[in-house]
Amino acid sequence: MPACKKCDGIADIDPSVIFEIEGIFDRQMDNGIVPNSAEFALRERLKHWFDQTEKAKAKYKITTTQVNPEKDYSSLNKTCPYNIDIDRKLKLAHSKLSESAYLF
């Protein structure tokens, strides 16, 4: 399913580009939440099923749209028809795709 792109271009970033690359990385299985050990273990096994980690990291490294972990992107949340916390999701994606440590 293609991204809706309603938050693209606001705040000098195109989140849909970041989320597409995150999807290549782990099909968005890693959400930074550990509800229980069984679900966590399953997500850990499945998130790299297609072995796309390095491809996604390389793509993120050359993309013109980069997440600044110090910036507050929460103003984008009100544009999302799906009530996604865009700020958190962007920072989570950046943590996965960059060489930095997880931010949450």
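All of these numbers come straight from a predicted model, not from anything done at the bench.

K.L.:
How should the overall build of the protein be read in this particular structure?
P.N.:
In terms of helices and strands, the protein carries four helices and zero strands. Across the protein, helices and strands are ordered from the amino to the carboxyl terminus as α-α-α-α. Taken over C-alpha atoms, the radius of gyration comes to 14 Å for the protein, in line with the 13 Å a tight globule of 104 residues would show. Over its C-alpha atoms, taken along the principal directions, the protein stretches across nearly 35 × 30 × 30 Å. In the protein, which comprises 104 residues, the proportion classed as buried is 35%. Restricting to contacts in the protein with at least 6 residues of sequence separation, those with at least 24 account for 60%.

Definitions and cut-offs
- Residues numbered from 1 in each chain as written.
- Predicted model: local features only at pLDDT ≥ 70, side-chain atom pairs only at ≥ 80, totals over all residues.
- Heavy atoms only, no water.
- Helix = DSSP H or I, 4+ residues; strand = E, 2+ residues; numbered from the N terminus.
- Rg over C-alpha atoms; globule rule 2.2 N^0.38 Å.
- Buried < 20%, exposed > 50% of the residue type's maximum accessible area, 1.4 Å probe, protein only.
- Contact = heavy atoms within 4.5 Å.

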